[in-house]
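Structural overview
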Amino acid sequence: MGDKVRNQYQWDHTENALTYWAMIVSKSVEYHKDTLHDFFLKNPCFATEKYDGTNVAKDDRGQLYSRRLLIENDEEEFIDTNLKKIREANIGEFRKKLTEVADLDESVNRVVVYGEFIVNARYDYVQRAIIGDWKVFGAGVEVKSDPAETLDKLLKAGFAAAIKTSNKHVIQLFMNEKFVEVAKDVNLDIPRNKGDNESIAKVIEKSKDDMKKGLLEGVVITMNDNGYKVIKWKGAQEYQPVAVEKALIANEKVQKADVEKDLKSTFGYIHEVITDISENKLAIKLAKKTKQKAEKENSKPDKGKKYLSNLDKEMIQHGILHSQTKFDTVEEYLKKGEVEEYKSNLVVEVKKHFAEEKNETEPIDENIGTFITHKVNAVIKSQLANLE
């Protein structure tokens, strides 16, 4: 589980839609209202269901990747779920079809397809019989030289393509009509559609009732905002306190501003999904748990962690459980004698998750890093004890 098996083709972090939308409002609500209206009410986007699973990728050579590490060729399961459907997926055929449709040449070195591997029996996944399914949501095209020509070909062919932020030799393909067409043509499974060539406002309006009731984890939106990118709109049952706070502030600004009625309605829907959890059982459960945790923390004496607020500690605790979904089970690492390496990798992942949730670009403070390491060790110790 060392560097030799680290995933070198990781999918870039997908930004929280609430954070992104709040940023757009902050930049445009006073002096660029036309831009604001166009972004939400006019510009077309492509939307699909966001699943509660784990990111697993497969390349055209047959190699499988978890979010951060390679999955060995002899492994039949990942997070206690059979990998059969991913093993059977033919990424070589996807590359062949992609090459044909976009007229690509020999400059392409590797093609990696990414998907959400459904490993959790949440929402209605059992009733829909999708446990073990692999819902592909994008691809990476690695090129040997300057990616500009390949990018241009992919864009002209109709793909939502952009050069990867973390690797300039990889072009990412996001979900849109053309990607769906090619994926279906080679029998790859795709997420449920939540909006095709519609405005973000229309996608929000169509999905708000299901989101309010917690019937789906969220919606992933592909859009063109000075280049193609994706954002994820998550429901109130998903822990995202910083993004929620920003979205509520953005809603206040929109409701007070001299903007179109439809835009006010759109942010009213966003506000409803966040605040009206009366029909969202998972969100009610999360709110109760969060309140109990806060009360417990407030009853403890201050131990000198002056840089760590209760919210920080809470985010770290949730971040540990979230980050564990990007690796195999603790039990598997125990069997392989790799628990210490697992903990080290998990600490790195939790630090990354914490920074992303806080929208921070500076290195994690040493005090916070120490606390994360302590909490990871405590969580893993408890989980190992439960296995005995």
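Residues numbered from 1 in each chain as written. Predicted model: local features only at pLDDT ≥ 70, side-chain atom pairs only at ≥ 80, totals over all residues. Heavy atoms only, no water.

Looking now at the packing of aromatic side chains. Each aromatic ring pair is characterised by the separation of its centres together with the angle its planes make. Evaluation of the coordinates by the stated rule reveals 14 aromatic pairs. Both rings, one in Phe94 and one in Phe179, keep their centres 5.7 Å apart while their planes meet at 55 degrees; by these two values the pair is tilted. With Phe94 in helix α4 (residues 91-102) and Phe179 in helix α6 (residues 177-185), the pair connects residues that are 85 residues apart, well separated along the chain. Since its relative accessible area comes to 0%, Phe94 is described here as buried. Residue Phe179 is classed as buried on the basis of its relative accessible area, which comes to 0%. Ring centres of Tyr123 and Tyr125 lie 5.6 Å apart, and the angle between their planes is 50 degrees; on these two criteria the pair is classed as tilted. For Tyr123, a relative accessible area of 16% corresponds to the buried category. Taken together, the ring pairs in this structure connect Tyr20, Trp21, Phe39, Phe40, Trp233 and Phe267 into an aromatic cluster. (Phe/Tyr/Trp six-rings, centres within 6.5 Å; stacked < 30°, edge-to-face > 60°. Helix = DSSP H or I, 4+ residues; strand = E, 2+ residues; numbered from the N terminus. Buried < 20%, exposed > 50% of the residue type's maximum accessible area, 1.4 Å probe, protein only.)

Attention now moves to empty space enclosed by the protein. Within the structure shown, the criterion is met by one cavity of 30 Å³ or more. Forming the boundary of the largest cavity are Phe39, Asn43, Pro44, Cys45, Ile200, Met223, Asn224 and Asp225. Secondary-structure elements contributing two or more residues to the lining of the largest cavity are β2 (44-50) and β13 (218-224). Grouping the amino acids of the lining of the largest cavity by side-chain chemistry returns five nonpolar, two polar and one charged. (1 Å grid on protein atoms, 1.4 Å probe; cavity = no way out; pocket = protein on both sides within 12 Å on 5 of 7 lines; lining within 4 Å. Points joined across faces, edges and corners; volume = space filled by probe spheres on them. Nonpolar A, V, L, I, M, F, W, Y, C, P; charged D, E, K, R; others polar.)

All right, on to the sheet that holds strand β1 (residues 15-16) then. Strands sit in the order β1-β14-β13-β2-β12 across an open sheet of five strands; the sheet is mixed. At either margin of the open sheet sits one strand with a lone partner, and together these are β1 and β12 (193-199). Sheet strands in contact with helix α1 (residues 17-28) are β1, β13 and β14 (228-234), and its direction is about 115 degrees off that of β14. (Pairing = 2+ DSSP bridges. Contact = heavy atoms within 4.5 Å. Axes fitted to C-alpha atoms, helices over the stretch in contact; angles between N-to-C directions.)

The element strand β11 (residues 170-174) is largely enclosed, with a buried count of five among its five residues. Burial along β11 is two-sided: the residues Val170, Gln172 and Phe174 and Ile171 and Leu173 are all buried. As defined by bridge partners, strand β9 (residues 134-143) adjoins β11 across five bridges and the pair is classed as antiparallel. Looking at the pairing, Gly138 lines up with Phe174 of β11. When strand β10 (residues 160-163) meets β11, the two strands line up antiparallel, connected through four bridges. Residue pairing across strands places Ala162 opposite Gln172, the latter belonging to β11. Remark: six residues form the turn of the hairpin made by β10 and β11, two consecutive strands paired antiparallel.

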